[in-house]
Structures are given as structure tokens and as C-alpha cells.
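Chain by chain, the residues:
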Amino acid sequence: PAAFQKACREYDVAECPSTMQPGNMTAENVHSLAKAFPKWDVDHLAERVEILHSRLHEDLDGLDLARVIFFHCSCGCDRTGELAAAYSMRYLSQTFTEMYGENAKVAGRNTVYANQVAAQWYCEHLRTQGLYTGNDCGNCGPFRCVDTGSPVVSMWQGRVVSIALFVFVACLAMFLPRCCRQGATEDKPTSYQKLQDK
């Protein structure tokens, strides 16, 4: 958000929505910001897409070998999907809507909003270069049109609660039988021992 707001000031864009959505701006302002996108994009998508493409197509001493490149962001917070979407729009003729739909399907949740918006602006940048003919860069409808918080944080909070509940139940299962056996005498078995005897 800070880089977007700064770019708005640098490129004299008066209307700079807090949503950062290109669909909420005039075509002229979108064009100004999109054309300069590589200068203000903190993830350097345009550069990374080209590096990825060159690595996939570099000459390996004349050998014609299939290439597979595994890439993953260090945080696991959706820059991987952002780069995959950007590469797919640039070199695989896929649309923004198709790629972010695929990202949501693979992740099982919406992606981090800032990464979605960065991919939307990269899409708009490709349009200014004549490298993307689609008209869906501003299509946030199937995904998120405002930042509603990190889906990654929500996902981990849910997992932490599940793990804590599991640990609690496991502890009960381990210690409850011992607790019940300690109060037993030879002539008066506990209910736990009665169940075991059956």
C-alpha cells in the first residue's frame, strides 16, 4: 500500500483508492501507473518473470532437455502464486481471472490481498506494453476487492486452535486412566477397571 500511494504521488495521480484496485480508477490514471509499474513494484514481478523465462529457455550445451523449475517464496505467503500468475499471463496466454482462480483453488483460500493487487497491476502493465489483450486486470469480483485481512493469519490461527485442542484431548486420554486407577483398592475397583474387566 505504501509503494502504491507513493507511486500515485510521483506520477501525479490524484485519485488513488485505498483498495489499490485498477478497476476503481480512470483509464488514464491506470495507464500512468501501469506503465511505471516495474519502478514501484516491491516484488519486482516484471524482472522476476523475465529471469524465470530465461532460465526455462537457456541453452544447456545444445541438449534438448525438459525443464522444471520449482520456486517458492521464503514466507509461504502467496508471492509464489503471484509469480506463477504473472508468468502465466505473460508467457502462457492465461488470463488474470483464470490464474487467480487457480491460485485460490490450489491454496484452498483467497491469497494475500497485496499479492493479488500486484498481479492485477502487472496485468495492467502488460496491457500498456501490448503483451496482454484481456480486459480483466481489474476483475476483483471473484476474489477480493478490498483488503479484509490476511487469509494466511486466519488459516494459521485456525490450525493453532485445532492443534491445541488435539493436544488437550491427547493429554486427557493419557492421564485420565492413571487418575482413575490411583483411587482404586483391591476390594473396590474403579469404574475404569470395571470397564477393562468386561
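All of these numbers come straight from a predicted model, not from anything done at the bench.

Rules used throughout
Note on numbering: residues in each chain are counted from 1, in written sequence order. Side-chain atom pairs in this predicted model are given and counted only at pLDDT of 80 or more, local residue features only at pLDDT of at least 70, and totals for whole chains, interfaces and linings cover all residues. Processing note: side-chain calculations cover all non-hydrogen atoms of the structure and skip hydrogens and water entirely. Only protein atoms enter the 1 Å grid used here. Points where a 1.4 Å probe fits but cannot escape make up a cavity, open sets with protein on both sides within 12 Å along at least five of seven lines make up a pocket, and a residue lines them when an atom lies within 4 Å of a point. Grid points are joined across faces, edges and corners, and a volume is the space filled by probe spheres set on the points. Only DSSP runs of H or I with at least four residues qualify as helices, and only runs of E with at least two residues qualify as strands; both kinds are numbered from the N terminus onward. Any two cysteine sulfur atoms lying within 2.5 Å of each other are counted as a disulfide. Categorising residues by exposure relies on relative accessible area from a 1.4 Å probe, with only protein chains included: less than 20% of the type maximum marks a residue as buried, more than 50% marks it as exposed, and the intermediate range marks it as partly exposed. For this analysis, a salt bridge means a side-chain nitrogen from Lys or Arg found within 4 Å of a carboxyl oxygen belonging to Asp or Glu. Here, the term nonpolar core denotes a set of buried Ala, Val, Leu, Ile, Met, Phe, Trp, Tyr and Cys residues that are joined through side-chain atoms within 4.5 Å. Contacts are assigned to residue pairs with any non-hydrogen atoms lying within 4.5 Å of each other. What the arc covers is the set of directions going from the helix axis to the C-beta atoms. As a per-residue quantity, pLDDT reports the predictor's confidence and falls between 0 and 100. How far a helix is expected to stretch is found by multiplying one less than its residue total by 1.5 Å.

Student: Explain the layout of surface pockets to me, and be specific about the residues and the numbers.
Tutor: Roughly 430 Å³ of volume is contained in the largest pocket. Lining of the largest pocket is provided by 18 residues; of these, T80, G81, A84, N103 and V106 occupy positions nearest its centre. Counting residues per element, the ones that place at least two in the lining of the largest pocket are α4 (45–57), α5 (79–91) and α6 (96–107). Considering each element in turn, the lining of the largest pocket owes the most residues, five residues, to α5.

Student: Describe the state of the cysteines, with residues and values.
Tutor: As enumerated under the stated definition, the model contains three disulfides in all. Here C8 is linked by a disulfide to C16, with a sulfur-sulfur distance of 1.4 Å. Here the S-S torsion is close to 50°, and the disulfide linking C8 with C16 is therefore right-handed. Each member of the pair, C8 as well as C16, is classed as buried.

Student: For the pattern of salt bridges, give the residues involved together with the corresponding values.
Tutor: Two side chains bearing opposite charge may form a pair once their charged atoms approach each other closely. In this structure the tally under the stated criterion is three salt bridges. Residue R127 is joined to E124 by a salt bridge in which the shortest nitrogen-to-oxygen separation is 3.4 Å. One end of the pair, R127, and the other, E124, are both in helix α7 (residues 113–128), three residues apart, so they sit about a helical turn from each other. The class for R127 is partly exposed, based on a relative accessible area of 33%.

Student: Can you explain the nonpolar core? Please cite residues and give values.
Tutor: Judged by nonpolar contacts, the single largest core of 36 residues is most densely connected at F4, L33, W40, M89, F96, W121 and Y122. Within the residue set of this core, elements represented by two or more residues are α1 (2–10), α2 (27–35), α3 (37–40), α4, α5, α6 and α7. At eight residues, the largest contribution of residues to this core is made by α7. What L33 contacts, discounting residues up to four positions off in sequence, is F4, A7, C8, Y11, V13, M25, W40 and W121.

Student: Talk me through unusual backbone geometry; I want residue IDs and the actual numbers.
Tutor: Of note in the backbone geometry, H44 takes a positive phi value of approximately 55° without being a glycine. Relative to the elements of secondary structure, H44 occurs in the loop between α3 and α4. You can call H44 partly exposed: its relative accessible area is 37%.

Student: Quick one: what's the story with α2, residue by residue and with numbers?
Tutor: Each turn of an α-helix holds 3.6 residues, which means side chains three or four residues apart point in the same direction. Residues of α2 that are buried: N29, V30, L33 and A34. One side of α2 holds all its buried residues, which, seen down the axis, span an arc of 125°. The outward face of α2, more than 90 degrees from its buried face, is lined by the exposed residues A27, E28 and K35. Those residues of α2 that are buried lie in contact with α1, α3 and α7.

Student: Break down the confidence of the model for the chain for me, with residues and values.
Tutor: Within the chain, residue pLDDT values average 82, and 74% of them lie at 70 or more. Averaged over each element, pLDDT in the chain is lowest for helix α8 (residues 151–182) (55) and highest for α3 (97).

Student: Give me the environment of P17: which residues, what numbers.
Tutor: With respect to the helices and strands, the residue P17 is situated in the loop between α1 and α2. Separated by 13 residues in the primary sequence, P17 and F4 have C-alpha atoms spaced 9.6 Å apart. Not counting chain neighbours up to four residues away, the residues in contact with P17 comprise F4, Q5, N24 and M25.

Student: Tell me about α7, and please be specific about residues and values.
Tutor: Relative to the 22 Å expected for 16 residues at 1.5 Å per residue, α7 spans 23 Å between its end C-alpha atoms, a close match to the ideal helical length. Burial analysis of α7 places 13 of its 16 residues in the buried class, which makes it a mostly covered element. G130 lies just past α7 and shows a positive phi near 75°.

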